[in-house]
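# Observations on the model geometry
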Amino acid sequence: MLKNFKLDKLFMKISIIIPILLSLIFLISNNLLIGIILVLSIIYIIRKYQFKHFSLYLILLAIIVRGVGIIIFNVPQTSDFKVLLEASRAFNLGDYSFSQTGYFKMWPYQMGFVLYEALMLKIVNSEIFLKGLNIFYEVFLTYFIYRMVKSLVGEKEARIVSLLYAIFPFSIYSATVLSNHHLSSLLSYLSIYFLLKNNKEDKLSNYIGAGILLGVSNVIRPEGIVIIFSYLLYRVLKLSKKDFSKYTRIGSIIIRCSILVCFYLLVNMGVSRYLVSNQINEDGLKNNNPLWKFVLGTNLDTCGRYDSKDEIYLGDKSRELEIIKERVNSPLKIGRLLVCKTNNFVLNGSLESSSGIYNDKTIHIMGGDISYKLLEDLVSGVNQVIYSFMIIGLIIGVTFKRKEILKSNLFYFYILFITNTLVYLLIEIQPRYTYFINVTVFILGSVGLKEILKLWDKRKKFLRD
């Protein structure tokens, strides 16, 4: 026995606890441990057990966690959200004077969301009701992820990814804020559903439905052009030699895409005309200062985010154009800006709260007080882990499963992801602006997740053999 005894092996066995402790300290200190445990637990449970009526459990979980989130993080409406909420209440009283304020004169397109909130408040005059609607929209997006991943990737991957989105803190926290992302994103993805459905059923009614949904979505939040451009690019890139040999085929595609764009524009022009003709405002849904987003987006000092110092240029188009040119006058500046924005917007997955409003609050649990700030830090860590996991899945999927992506509707989501990313590399970024594209990130992330699970299964089989 002593012949086989070696001090170096004994040392290695004992000292292995050091890197393990270092890893645990790192994960705990950076609030990542709970997130990693949650992700691994969901993967294990879904792969281990079969759940009947999974979609029902998914919906119930998504509703419950968001309801609890609204109760715990009872966020007061601030900044733009407060302005829009107060405007919608004034609108219901027949008071349109808010439309003459600097905010609405500069960005009249915000009237679309005011109309929505005013209509909802006519039904139930309650801020809680509006937050309850946010929950409904987010639950529907969670279900959309499940159905889309199930059809494009697989059942188990769909269950894992949709569950991760159901408990995704960014989505839960967003439900507490009365922003225009919720309904707009839902309508956008419903329009995408109809458009992708056309790969099998090339019906005019689907294009009409998609155009109307996308039009309403754009009225609430003007992002429709990204979806339309991505779809048109998708159709062009999917053209084959066979399509070019049949002029009727090309003509059919052009007609259908034109119908999509026409109904999209009709909805926007109709709402804009309503605002003008009823003397609610004189500009409809125009953007009277399109350069402002670029002024903020090219600010290297803030990495493309809002800076109150930039307000000295606000409204002066010549000065705005001048400062944009000044900020992008060298390749080095542009390179640093793009790297910074990619890291902080595309890769970061930040969960941003409202200016430290929880710093002095505590929650009483089991005879002890826990600060909201600690709770928020833990939740932010979970958010970071889930988002990073999906981004890694996206990168792995696109890198190693390119052929499979090209052959399916996943290709459209990939184009949408690229288009959205390029747009925000040019304009202002905020963590909440990732709301729409997060759904696409989770869908694409499922491709890499499938590959990771395959490699894990191969490793286990290799170790057994």
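Preceding block: the structure.
What comes next is a walk through the structure. (Residues numbered from 1 in each chain as written. Predicted model: local features only at pLDDT ≥ 70, side-chain atom pairs only at ≥ 80, totals over all residues. Heavy atoms only, no water.)

Now for the overall build of the chain. Helix and strand content of the chain: 22 helices and two strands. Computed over the C-alpha atoms, the radius of gyration of the chain is 25 Å, within 12% of the 23 Å expected from 2.2 N^0.38 for a compact globule of 465 residues. Its C-alpha atoms put the chain at 95 × 65 × 55 Å along the principal axes. Residues counted as buried form 46% of the 465 residues belonging to the chain. Restricting the contact set of the chain to residue pairs at least 6 apart, pairs at least 24 apart contribute 78%. Put simply, the chain shows about 24,400 Å² of open surface, and 66% of that area lies on carbon and sulfur atoms. Positive and negative charge centroids in the chain, built from 54 and 33 side chains respectively, lie 13 Å apart. (Helix = DSSP H or I, 4+ residues; strand = E, 2+ residues; numbered from the N terminus. Rg over C-alpha atoms; globule rule 2.2 N^0.38 Å. Buried < 20%, exposed > 50% of the residue type's maximum accessible area, 1.4 Å probe, protein only. Contact = heavy atoms within 4.5 Å. Areas by Shrake-Rupley, 256 points an atom, 1.4 Å probe, with all protein chains shown as cover. Lys, Arg positive; Asp, Glu negative; His and termini not counted. Charge placed at Lys NZ, Arg CZ, Asp CG, Glu CD.)

This next bit is on the packing of helix H3 (residues 33–48) against helix H19 (residues 372–400). In helix packing, the relevant descriptors are the interaxial angle and the interaxial distance, both defined with respect to the helix axes. The geometry of H3 relative to H19 is characterised by a closest axis approach of 7 Å and an angle of 50° between their N-to-C directions. Overall, the two elements H3 and H19 adopt an arrangement that is oblique. The handedness of the crossing between H3 and H19 is right-handed. Side by side, H3 and H19 meet where Ile34, Gly35, Ile36, Leu38, Val39 and Ile43 of the first sit next to Leu378, Val382, Val385, Ile386 and Phe389 of the second. Here the residues of the contact of H3 with H19 sort into 10 nonpolar, one polar and no charged. (Axes fitted to C-alpha atoms, helices over the stretch in contact; angles between N-to-C directions. Parallel < 35°, antiparallel > 145°, perpendicular 65-115°, else oblique. Left-handed = near helix turned anticlockwise from the far one by under 90°. Nonpolar A, V, L, I, M, F, W, Y, C, P; charged D, E, K, R; others polar.)

This paragraph deals with the environment of Val398. Following the sequence through the fold, Val398 ends up in helix H19. Residue class for Val398 comes out buried when judged on its relative accessible area of 15%. For the pair Val398 and Phe411, spaced 13 residues apart in sequence, the C-alpha separation works out to 9.6 Å. For Val398, the residues in contact, after removing those within four places along its chain, are Ile405 and Tyr414.

This next bit is on unusual backbone geometry. Located in the positive-phi region is Ser79, a residue other than glycine, with phi close to 55°. Of note, Ser79 is situated in helix H5 (residues 79–92). Its relative accessible area of 52% is what places Ser79 among the exposed residues. The backbone of Cys303 shows a phi angle near 60°, a positive value even though the residue is not glycine. Of note, Cys303 is situated in the loop between helix H16 (292–297) and helix H17 (317–327). What makes Cys303 buried here is its relative accessible area of 9%.

A complete count under the given rule lists 13 salt bridges for this structure. With a shortest N-O distance of 2.8 Å, Glu138 and Arg66 are connected by a salt bridge. With Glu138 in helix H8 (residues 127–152) and Arg66 in helix H4 (residues 54–72), this residue pair connects regions lying 72 residues apart in the sequence. Between Glu282 and Lys105 there is a salt bridge whose closest N-O contact spans 2.8 Å. On the criterion of sequence distance, the pair formed by Glu282 in the loop between helix H15 (247–277) and H16 and Lys105 in helix H6 (residues 102–106) is long-range, its members being 177 residues apart. Among the charged side chains, a network of salt bridges with common partners joins Lys401, Glu404, Glu451 and Lys454. (Salt bridge = Lys/Arg side-chain N within 4 Å of Asp/Glu carboxyl O.)

Right, let's get into the packing of helix H11 (residues 181–197) against helix H21 (residues 410–426). The geometry of H11 relative to H21 is characterised by a closest axis approach of 11 Å and an angle of 140° between their N-to-C directions. Relative to H21, the element H11 is oriented oblique. Handedness of the crossing formed by H11 with H21: right-handed. Listed contacts from H21 to Tyr189, Ile192 and Leu196 of H11 are Tyr412, Phe413 and Leu416.

The next thing to look at is the side chain of Ser446. Counting through the fold element by element, Ser446 comes out in helix H22 (residues 435–464). Other than its neighbours up to four places away in sequence, Ser446 contacts Val149, Val153, Glu157, Val161 and Met390.

A word on the packing of aromatic side chains. Aromatic ring pairs are defined here through the distance separating the ring centres and the angle between the ring planes. Within this structure, the stated rule accounts for 24 aromatic pairs. Note on Tyr189 and Phe436: the rings are 4.8 Å apart at their centroids and 25° apart in plane angle, and the pair reads as stacked. Of the two residues, Tyr189 sits in helix H11 while Phe436 sits in helix H22, which places them 247 residues apart along the sequence. The same class applies to Tyr189 and to Phe436, which are both buried. When the ring of Tyr231 is compared with that of Tyr234, the centres are 6.2 Å apart and the planes differ by 35°; the resulting orientation is tilted. Within this pair, Tyr231 and its partner Tyr234 are both found in helix H13 (residues 224–237), separated by three residues, close to a single helical turn. Neither Tyr231 nor Tyr234 differs from the other in exposure class; each is buried. (Phe/Tyr/Trp six-rings, centres within 6.5 Å; stacked < 30°, edge-to-face > 60°.)

This structure, assessed with the given rule, holds one disulfide. Between Cys303 and Cys340 runs a disulfide, and the two sulfur atoms are separated by 1.9 Å. Because the sign of the S-S torsion sets the handedness, a value of about -135° for the bond joining Cys303 and Cys340 places this disulfide among the left-handed ones. Of this pair, Cys303 sits in the loop between H16 and H17 while Cys340 sits in helix H18 (residues 331–346), and the two are 37 residues apart along the sequence. There is no disulfide at Cys257, and the cysteine sulfur nearest it, in Cys262, is 11 Å away. (Disulfide = S-S within 2.5 Å.)

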